[in-house]
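Examining the three-dimensional arrangement
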Amino acid sequence: MKRWKIAGICLAVAVAAAVSGCGKKTGTETTAAESTAAETEEYVAESSVKLGEYKGIAVTVTEASVTDEEVENQIQQVLNSKAEYREVDRAAQMGDQVNIDYKGLLDGEAFKGGTAEGYDLTLGSGSFIDGFEDGLVGAVKGDQKDLNLTFPDSYPNNPDLAGKEVVFEVTVNAVKERSVPELTDEFVASVSPDDGTVEKYRESTRENLLEQKQLSIDNQRDTDILNAVVDNSEVVCSTASIDEAYDTQLKAYTNMLSYGVDLATYAGMIGSDEDSFKQEIRQEAKEMAKQSLVLNEIAKQENITIDDSDKEALAKRYGYESLKTMLQNDNIDQKMVDDT
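Parameters at a glance
Note that residues are indexed from 1 along each chain, following the sequence as it is written. In keeping with the model being predicted, local features are shown solely for residues with a pLDDT of at least 70 and side-chain atom pairs are shown and tallied solely at 80 or more, while totals for entire chains, interfaces and linings include all residues. Neither water nor hydrogens contribute to the side-chain values; these are computed over all heavy atoms in the structure. Counting from the N terminus, the helices are the DSSP runs of H or I reaching at least four residues and the strands are the DSSP runs of E reaching at least two. Working definition: with a 1.4 Å probe on protein chains only, accessible area under 20% of the residue-type maximum means buried, over 50% means exposed, and in between means partly exposed. We call two residues in contact whenever any of their non-hydrogen atoms come within 4.5 Å of each other. We define a salt bridge as a contact between a side-chain nitrogen of Lys or Arg and a carboxyl oxygen of Asp or Glu at a distance within 4 Å. Any N or O atom pair separated by 3.5 Å or less is treated as a polar contact, with the protein-specific requirement of one donor-capable and one acceptor-capable atom, and with residues adjacent in sequence counted only for side-chain atom pairs. To estimate the expected span of a helix, subtract one from its residue number and multiply by 1.5 Å. Classification of ring pairs uses Phe, Tyr and Trp, with its six-membered ring standing for Trp, and accepts pairs whose centres are within 6.5 Å; under 30 degrees between planes counts as stacked, over 60 as edge-to-face, and the remaining range as tilted. In this analysis the charged atom, NZ for Lys or CZ for Arg, is taken to sit over a ring once it is within 6 Å of the ring centre and within 35 degrees of the ring normal. Two strands are counted as paired when DSSP detects at least two bridges linking them. Helix axes are fitted to C-alpha atoms over the stretch in contact, other axes to C-alpha atoms as well, and angles between N-to-C directions run from 0 to 180 degrees. These descriptions rest on fixed angle ranges, namely under 35 degrees for roughly parallel, over 145 for roughly antiparallel, 65 to 115 for roughly perpendicular, and the rest for oblique. Classes in brief: Ala, Val, Leu, Ile, Met, Phe, Trp, Tyr, Cys and Pro nonpolar; Asp, Glu, Lys and Arg charged; the others, Gly included, polar. Scored between 0 and 100, pLDDT is the confidence that the predictor attaches to each residue. We call a set of buried residues a nonpolar core when its members are Ala, Val, Leu, Ile, Met, Phe, Trp, Tyr or Cys and they connect through side-chain atoms within 4.5 Å of each other. For a crossing to be left-handed, the near helix must be turned anticlockwise from the far one by less than a right angle; the clockwise case is right-handed.

This part covers the overall build of the protein chain. On a plain count of helices and strands, the protein chain comes out with eleven helices and seven strands. The buried share of the protein chain, reckoned over its 340 residues, is 35%. For the protein chain, the share of sequence-separated contacts (at least 6 apart) that also reach a separation of at least 24 residues comes to 72%.

Let us look at the pattern of salt bridges. A full pass over the atoms with the stated rule returns 15 salt bridges. Of the charged contacts, one joins aspartate 218 and arginine 221 as a salt bridge, the two residues approaching to 3.5 Å between their closest N and O atoms. In this pair, aspartate 218 and arginine 221 are both assigned in helix α5 (residues 198-232), three residues apart and thus about one turn of the helix distant. Taking relative accessible area as the criterion, arginine 221 reaches 27% and is therefore assigned partly exposed. Members of the salt-bridge network, linked through shared partners, are Glu41, Asp243, Arg282 and Lys286.

With that out of the way, let us pick up the side chain of lysine 176. Inspection of the secondary structure puts lysine 176 in strand β6 (residues 165-179). Within the structure, the side chain of lysine 176 is placed 3.3 Å from the side chain of aspartate 120, a separation counted as a polar contact. In this structure, lysine 176 is in contact with Tyr85, Arg86, Glu87, Val88, Asp96, Gln97, Asn99 and Asp120, ignoring residues within four places of it in sequence.

Let us look at α5. Here α5 is 35 residues long and its end C-alpha atoms lie 51 Å apart, about the 51 Å a rise of 1.5 Å per residue gives. Those residues of α5 that sit buried are Val198, Tyr201, Ser204, Thr205, Leu209, Asp222, Ile225, Leu226, Val229 and Val230.

Throughout the structure, instances matching the rule amount to 13 aromatic pairs. One aromatic cluster is present, built from ring pairs that chain together Tyr102, Phe111, Tyr119, Phe128, Phe132, Phe151, Tyr155 and Phe168. Taking the ring centre of tyrosine 246 as reference, the NZ or CZ of arginine 282 above it sits at 5.5 Å.

Here the focus is the pairing of β6. Pairing analysis gives four bridges linking strand β2 (residues 84-87) to β6, with the strands arranged antiparallel. Within β6, the residue paired with tyrosine 85 across the bridge is arginine 178. As defined by bridge partners, strand β3 (residues 97-106) adjoins β6 across nine bridges and the pair is classed as antiparallel. Paired with tyrosine 102 across the strands is valine 170, a residue of β6.

In contact at an axis separation of 10 Å, helix α3 (residues 68-81) and α5 are set at 105° when each is read in the N-to-C sense. Between α3 and α5, the angle falls in the class roughly perpendicular. Where α3 abuts α5, its residues Asp68, Glu70, Val71, Glu72, Gln74, Ile75 and Val78 lie against Tyr201, Arg202, Thr205, Arg206, Leu209 and Lys213. Residue composition of the contact of α3 with α5, grouped by class: five nonpolar, two polar and six charged.

Excluding glycine, residues mostly have negative phi values, and the peptide bonds linking residues are mostly trans. Even without a glycine there, the phi angle at aspartate 107 is positive, about 55°. Among the structural elements, aspartate 107 can be located in the loop between β3 and β4 (109-122). Using a relative accessible area of 73% as the deciding quantity, one classes aspartate 107 as exposed. Positive phi values are uncommon outside glycine, yet asparagine 303 reaches one of about 55°. As for its position among the elements, asparagine 303 is in the loop between α8 (274-302) and α9 (308-317).

Moving on, we come to the confidence of the model for the protein chain. Parts of the prediction with low pLDDT should not have their coordinates interpreted in detail. Taken as a whole, the protein chain shows an average pLDDT of 85; of its residues, 85% reach a score of 70 or greater. Scored below 50 in pLDDT, residues 1-36 shows 91 contacts in the model against residues more than four places distant or in partner chains.

Counting 24 residues, the largest nonpolar core has Val229, Cys237, Leu263, Phe277, Ile281 and Val294 as the members making the most contacts within it. Looking at this core, the elements that each hand over two or more residues are α5, α6 (239-256), α7 (263-269) and α8. Broken down by element, the residue count for this core peaks at nine residues, all from α8. If near-sequence neighbours (up to four positions away) are discounted, phenylalanine 277 is found in contact with Tyr253, Leu263, Tyr266, Ala267, Ile270 and Ser272.

With that settled, consider the environment of serine 81. Tracing the backbone shows serine 81 in helix α3. For serine 81, a relative accessible area of 53% corresponds to the exposed category. With 99 residues separating them in the primary sequence, serine 81 and valine 180 have C-alpha atoms 8.4 Å apart.

This brings us to the packing of α6 against α8. Direction vectors running N to C along α6 and α8 enclose 125°, while the axes themselves pass 8 Å from each other. Here α6 lies oblique to α8, going by the angle between them. Of the two possible hands of crossing, α6 and α8 adopt the one that is right-handed. Between α6, through Thr239, Ser241, Ile242, Asp243, Ala245, Tyr246, Gln249, Leu250 and Tyr253, and α8, the contact on the second element is made entirely by Phe277, Lys278, Ile281, Arg282, Glu284, Ala285, Lys286, Met288 and Ala289.

Here's what the structure looks like:
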């Protein structure tokens, strides 16, 4: 039954693990009471569980494999992440980085947020409005250019500029070319000292990929088992338990979003709207609540307890050094782990 012990905590940290490492959003969080879906649900005071068959669930056991191409692609990603931009004496091309000073003018007056000095812009990144980056292709160091552009009709970052014609006065301070390092023993020593050589680095990269893929397969297997048990059972979730799961989900999403992107904006980016997206989160919360109730009932039936060593093992399974390190994640707290 060890699998059930691990699966129980995995349920609590699944969402948090999916968004680990993302920036924390500032501002007020939305609560379950603000969900449109919650307002239309029938209130349920108590949860109940009647377990169905939970032993001998049939699963397909899959062993992970890693191809040479996957290894090389992973190594190339590391090389690309260590790329540097070096100044060159030629005209700027797409993919180059230009260091620029710029000032945006609307009707001859500088507008808020439209001025910067010493800004590094990668041409082709889509960081600026249409026409800005294209207008700097062919520029050389010392060029001064006036870019006559029009803001898009929808511009949430500054609605006052939406659809407006503006002029950007741009000075090119430098043109830089992207340089990707070569895979050498010296490079390996700088990024993975324990490997030291290219050959060992390839071996360890393969091992890491294999471990990640097997973890993903095992997690999916556990999810399939849990879903089958839930389907075999009769589960009624209290409104409070759904609210708690909803708030956990919502916290994970709001912590994930940053740099001025709120829930409504994110929903629009994925082709939805805020209310519909909250309803989707609410539905996910219902499934989480059901799974939690079923796992807790199995634990009672089988006299399963989760001790500190299980929690430490889970933290390491998710790539953390310890449970203490895992709890430093904004999306995971002690109560979440203890309640599973």
